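# Topology and contacts: notes
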Amino acid sequence: MRYLAAVLLLCVLVPFAPARAENEAADRGRILFEQKCASCHTIGGGARVGPDLQGAHQRRSEEWLLRFVTEPDRMIAEKDEIAVRLVEQFNRIVMPNLGLQASEARELLAHIKLVGGTQAAAAPPQPAAAPLPRPDLIAPQSIVLGVFLFVSAIIVLVFAWVGFSTRQPEEVNVKKAYGFRKALFATASAVVVATLVMTMPGAPYAVASLKADRIVYVAARQFDFVFSDEPITSAADLGRIPTMRHLDLPANALVEFRVTSLDVNHGFGVYGPERQLLAQTQAMPGYVNRLRVSLAQPGHYKVFCLEYCAAGHHAMQSGFDVK
Amino acid sequence: MGIRLLIGACAVILSLAAQGAAPGVSVQESRLIDRAVPDIPLQLADGRSVQISELWRDRPLLVTFFYRRCSGVCIPFLEWVRNATREAGGIGGDYRVLALSFDDADTASDVAAQAAALGLRDSPHWFFAVANREALARITGALDFWHRYDPARRQYEHNALIVGIEDGRVMRALVASGVEGGRMRELVWELRGSFIPFYAVPGQTALSCFTFDAVSGETRLDWGMLLLMLPALLALAAAVGIFALGSRRNRGGMKTIAPGGAWITSHR
Amino acid sequence: MRPANSYTLYWMGVTFLLFPILILLGIYMRTVQAGGLAGTVTWFYPMMTLHGVGMVGVWYVAAMACAADILGRYTEPSPAVRGLALGGTLVGVLLLLACVFLGKFAGGWYFLYPLPFKGEWPAWSAVAFLLSLTVLGATWLVWTLDLLRAIAKKYTLTQALGWHYLAGRDEPAIPPSIMIITVSLIAGVAALAAGVIVLVLFYQELFTGAASDALMVKNLTFFFGHTLVNLAMYLGVAAAYEVLPQYAGRPWKANKIVAISWNTVLLIVLFAYFHHLYMDFVQPGTLQYIGQIASYASAIPAAVVTIFGALLLVYRARMRWNLASLLFFLGLIGWAVGGMGAVIDSTISANVRLHNTLWVPAHFHTYMLAGLVFLVFAYFYHCSQEAAAEPERAGRQKLVSVLMVAGAYGFFLMFYLSGAYSVPRRFATYPAELAHGGAFSAIAAVFATVFLVGFLLYLAETGSRWYKAMQTAS
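This is a predicted model, so every value here is computed, not measured.

Our focus in this paragraph is the state of the cysteines. Evaluation of the coordinates by the stated rule reveals zero disulfides over all chains. For the unlinked cysteine C40(A), the closest cysteine sulfur is that of C37(A), found at 8.9 Å. Just so you know, C74(B) is unpaired, no disulfide at all, and the nearest cysteine sulfur is the one on C70(B), 3.4 Å from it. Look at C74(B) and you get buried, because its relative accessible area is 2%.

Pasting the structure below:
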């Protein structure tokens, strides 16, 4: 009886088996894609560091794709025509060998087919966005620049005055000069202490007893930022923990970014709608930095990587909207 | 004998090391953060009826679940929470604790007996309470507190949960499958209003310079700091050593000044 | 006439050879950032690495060469070690060139852990880079220890640090340059030791796979990098203390205040590096505040004692202005202006807006290029002119200075402006939002070229004297 049931069950399942196996492969491919590819590629979301992979299976032969996924370095070295053209097209950032097996490459391909559907053409690499004009300096930045230029001008004037004084040589009263030095020392010390007292409370650390209205987990990796409502602390979490493709934050809310890195050191630099730095923290592997910011001005904010992290560093960016 | 001792010592060190690694925040825990907690009616051990919101109105509330007839983890866990809060301090002034029975068969006198057994009956900062079935369903549902009654054993299967609540929202939660002291104390520190900037991702920070000391609430130096101070110590040792050797060699008589030096002095 | 030391002359040769190449790399980088030479953009980061390590290394050894030359006037640094330093440095440079040009290594000059293991370059090039730094680090450590030994031959530690001035005694008179060199060398041992520890941790991971703590390695890396650059600057200042009085015709002696300030520097310089980690919020707050206090505090002895001392030395003096004295004077200006940029950046609340923007290269280029480079050039010219005793043409020497100053400050200003506009440092190209970074780069490339022309004229001026000095070198 039990035997019969098993046979019957098999009869029912066998016809569906290939389809299910394909779906499972695609699902493993999805996780692989999140872990290994999504830092540079999208499927239907436009070109990033590398091309949009939507419809890649229709543009290229399967054989070519499988080989390029597993050994891009060798194909580029062999000057494969398509590979070389792609490298040229994408700012000569070379696709690294990710150590993928042929079976994994097939799973990836299954995922790309499933997501990309049948649309034949992927979005072409976006033409470089038109350069934006220089913004006006926002207050903290212009204060910094102003203070620097002012003090530098004083330094140069004093040196110039002393330099030109040598045109009329004369003996100098050293005692008087030492008295002046004493006054200078006292003044400089007072200025230093006053500046310390004035600026230290502005430090971005430890906002005690303030409760964040929103917590966003950020995992940085070569070369993108992954936003999530849940902590991502290792590459294995990618594809398993839901991530946010688009992040909206409420204006004037205290937002806490919990920033870590999955590979090397990165910087998490928040640029406001004026395209200048408002806040930043480092993304360090093994640690979580908690950056608390309250963003008053609605608009589109950019995030740039502020710690050099290899070839795609300048292309590593993200953003969010404040509403 | 010697080898056994050594192995024993190693095992102790390894287990200590395992305890030392802070596991960070689990996914399950992070899902709870910022959730709204339903305002349910409670009956306290002394028979009073209150809304749970009255307990978190003016200061944060630490909530944990138990039931009186538990033959498993509940009672030791409560003891552990009691000890941990004592160690971290601040109870009463900075926060209160609510131990809520999730078994609707428990009565106020049951939980009062439990409070007495823990020596907490007279503590003004600990509240032992029961609630009706509907209220329990709401709060355990909102906090993803998993429990299931096993009629055969007449016991609940359940996990251990501690939730820090501020103004009706979860500020931090601990799903304590293996009880971990450091994180509990971190939770208490956060309830007390400290901002803990430091938390490491598990397993990636061997030989670090700093650790968060949950007992004192301070960040303290770790062994890696020794490496950081080594260069300065080496430099000091090198300077003292070289000059000590140099002066011993010189005692026989000082070398004459090189010609350049003489030239300089004549210019002055 | 005073014959020049042949090792000093060799070091001058090495500097004159490498410096223009490294300047060209800098101009190349600014050109790529401005959108030029787009086909070579993949070389940007390898060249950035070479420019960084190269410039830091060249100016460190050039400053050490000046220090060794100054010490040669009072005591005897070992000729064998001088040879070793030269040889070891050349081997290190060759390894570096190999890993960058053949392996396209691009870990950046401070090779922040774990980047060298996780870039697009082959593993061997990372190993070659580490080996290169190991050779350089070990060589320089031996060199530093030998110079300390040479000082110890003549002075006790307390004398060399001027502690008898603190006790109120003026005898024996210690030249301020000796005091500064002693302080810098001791700090140098610490910096190089930190470098060695970083390298050991890297090798440990290479051989055993045991990962290190990223925060700890970052601390050690900046302890190494910051301190090394900082003390190279101090060695340049020592050269000014040594030589500028000859041109002013007045003494610039050590006294209690000078001793206090440089002993304070020895202590402070070890803590200032914390300002590189302000944006690592996991670093305990206390260390961050110590970083700001130490950075501010180091400005006081420098500004009030050294800069004031230099100004007092020159004020209404019967000054003999030539290329050497002019460059010493200009070098002190660069130190002061760059130091001001550094102090602003070391303010935690300002650092939030400036960290890893072009403000950082702005200030360190100011005190390295317009500070240390000018001071070392002044010393190099001074040595060769003393040996060669050729007639000097004031007009030409002024032109050299004007071109170098105009080129340098124009080029710095673009960095400062970019920094204020939050343009990140170390971007090969700029995104559309920061396109103005590219415009600043283009102007900077022009100014840097002007500086290069000024340098070539300096080379013509000094080179002939250097060649003549080689004939009579001791």
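Okay, back to it.
This next bit is on the pairing of strand β2 (residues 224-228) of chain A. Residues and elements named next belong to chain A. Within β2, five of the five residues are buried, leaving the element largely enclosed by the surrounding structure. Covered by surrounding structure in β2 are D224, V226 and S228 together with F225 and F227, the residues of both alternating faces. With five bridges connecting them, strand β1 (residues 214-221) and β2 associate as antiparallel partners. Bridge pairing in β2 links A219 to V226. Taking the residues between adjacent antiparallel strands as the criterion, β1 and β2 are bridged by two residues. Of the strand pairs in this sheet, β2 and strand β3 (residues 243-244) are connected by two bridges, and their pairing is antiparallel. In the sheet register, S228 faces β3, and the bridge partner there is T243.

Contact with chain C, which involves 86 residues of that partner, is made by 82 residues of chain A. For the chain C and chain A pair, buried surface summed over both sides reaches about 7,600 Å², with 70% attributable to carbon and sulfur atoms. The three residues of chain C that bury the most area against chain A are F281(C), R316(C) and R353(C), which together make up 11% of that side's buried surface. Our count for the contact surface shared by chain C and chain A stands at two salt bridges. Measuring nitrogen to oxygen at the nearest pair gives 3.4 Å for the salt bridge that ties K302(A) to E433(C). Where chain C packs against chain A, one counts 31 residue pairs in polar contact (both at pLDDT 80 or more). Taken together, the elements giving at least two residues each to the side of chain C that touches chain A come down to α2 (44-71), α8 (214-248), α10 (285-314), α11 (323-345), α12 (348-354), α14 (394-420) and α15 (436-472) of chain C. Tallied by class, residues from the side of chain C that touches chain A come to 56 nonpolar, 18 polar and twelve charged.

Now for the packing of α2(C) against helix α4 (residues 123-154) of chain C. Residue and element names in this part refer to chain C. Where α2 meets α4, the closest approach of the two axes is 11 Å, and the angle between their N-to-C directions is 15°. As summarised for this structure, α2 and α4 are arranged roughly parallel, according to the angle between their axes. At the point where α2 passes α4, the crossing takes the left-handed sense. Residue-level contacts link T49, V53, G57, Y60, V61, M64, A65, A68 and L71 of α2 to F129, L133, W140, W143, T144, L147 and I151 of α4. Looking at the contact of α2 with α4 residue by residue, the classes come out as 13 nonpolar, three polar and no charged.

Residues and elements named next belong to chain C. Going through the model one piece at a time under the given rule, you end up with 57 aromatic pairs over all chains. When the ring of W59 is compared with that of F377, the centres are 5.5 Å apart and the planes differ by 75°; the resulting orientation is edge-to-face. Taken together, the residues span a long stretch of sequence, with W59 in helix α2 and F377 in helix α13 (residues 359-388) at a distance of 318 residues. Across the pair, exposure class does not vary: W59 and F377 are buried alike. Aromatic side chains F411 and F415 sit 5.2 Å apart centroid to centroid with 55° between the ring planes, which places their arrangement in the tilted category. Of this pair, F411 and F415 both sit in helix α14, four residues apart, roughly one helical turn.

One pass over the structure, following the stated rule, counts 31 salt bridges over all chains. A salt bridge links D229(A) to R214(A); the shortest N-O distance between them is 3.1 Å. Here D229(A) is found in the loop between β2 and β3, whereas its partner R214(A) is found in strand β1, with 15 residues between them in sequence. Among the residues examined, D229(A) registers a relative accessible area of 40% and is labelled partly exposed. What makes R214(A) partly exposed here is its relative accessible area of 21%. Among the salt bridges present, the one from K153(C) reaches E76(C), with a minimum N-O distance of 3.4 Å. Here the residue K153(C) occupies a position in helix α4, and E76(C) occupies one in the loop between α2 and α3 (79-102), the gap between them amounting to 77 residues. Within the structure, one salt-bridge network assembled from shared partners comprises R67(A), E71(A), R74(A) and E78(A).

Let us now look at the pairing of strand β9 (residues 169-175) of chain B. Residues and elements named next belong to chain B. Where burial is concerned, most of β9 is hidden: six out of the seven residues are buried. With six bridges connecting them, strand β8 (residues 161-166) and β9 associate as antiparallel partners. By the bridge assignment, G164 is partnered in β9 with R172. Taking the residues that link successive antiparallel strands as the turn, the β8-β9 hairpin has two residues, and the phi of D167 there is positive, at about 50°.

If you look at the biggest cluster of nonpolar residues, it comprises 253 residues, and the most contacted ones within it are F257(A), F320(A), W59(C) and Y458(C). At 24 residues, the largest contribution of residues to this core is made by α8(C). Sequence-distant contacts of F257(A), defined by excluding residues within four places in its chain, comprise V216(A), V218(A), F227(A), L247(A), L249(A), F268(A), N289(A), R290(A), L291(A), V293(A) and F320(A).

Cut-off values and rules
- Residues numbered from 1 in each chain as written.
- Chains lettered and ligands numbered in written order.
- Predicted model: local features only at pLDDT ≥ 70, side-chain atom pairs only at ≥ 80, totals over all residues.
- Heavy atoms only, no water.
- Disulfide = S-S within 2.5 Å.
- Buried < 20%, exposed > 50% of the residue type's maximum accessible area, 1.4 Å probe, protein only.
- Helix = DSSP H or I, 4+ residues; strand = E, 2+ residues; numbered from the N terminus.
- Pairing = 2+ DSSP bridges.
- Contact = heavy atoms within 4.5 Å.
- Buried area = accessible area lost by both parts, 1.4 Å probe.
- Salt bridge = Lys/Arg side-chain N within 4 Å of Asp/Glu carboxyl O.
- Polar contact = N/O pair within 3.5 Å; in protein donor to acceptor, adjacent residues only side chain to side chain.
- Nonpolar A, V, L, I, M, F, W, Y, C, P; charged D, E, K, R; others polar.
- Axes fitted to C-alpha atoms, helices over the stretch in contact; angles between N-to-C directions.
- Parallel < 35°, antiparallel > 145°, perpendicular 65-115°, else oblique.
- Left-handed = near helix turned anticlockwise from the far one by under 90°.
- Phe/Tyr/Trp six-rings, centres within 6.5 Å; stacked < 30°, edge-to-face > 60°.
- Core = buried A, V, L, I, M, F, W, Y, C linked by side-chain atoms within 4.5 Å.

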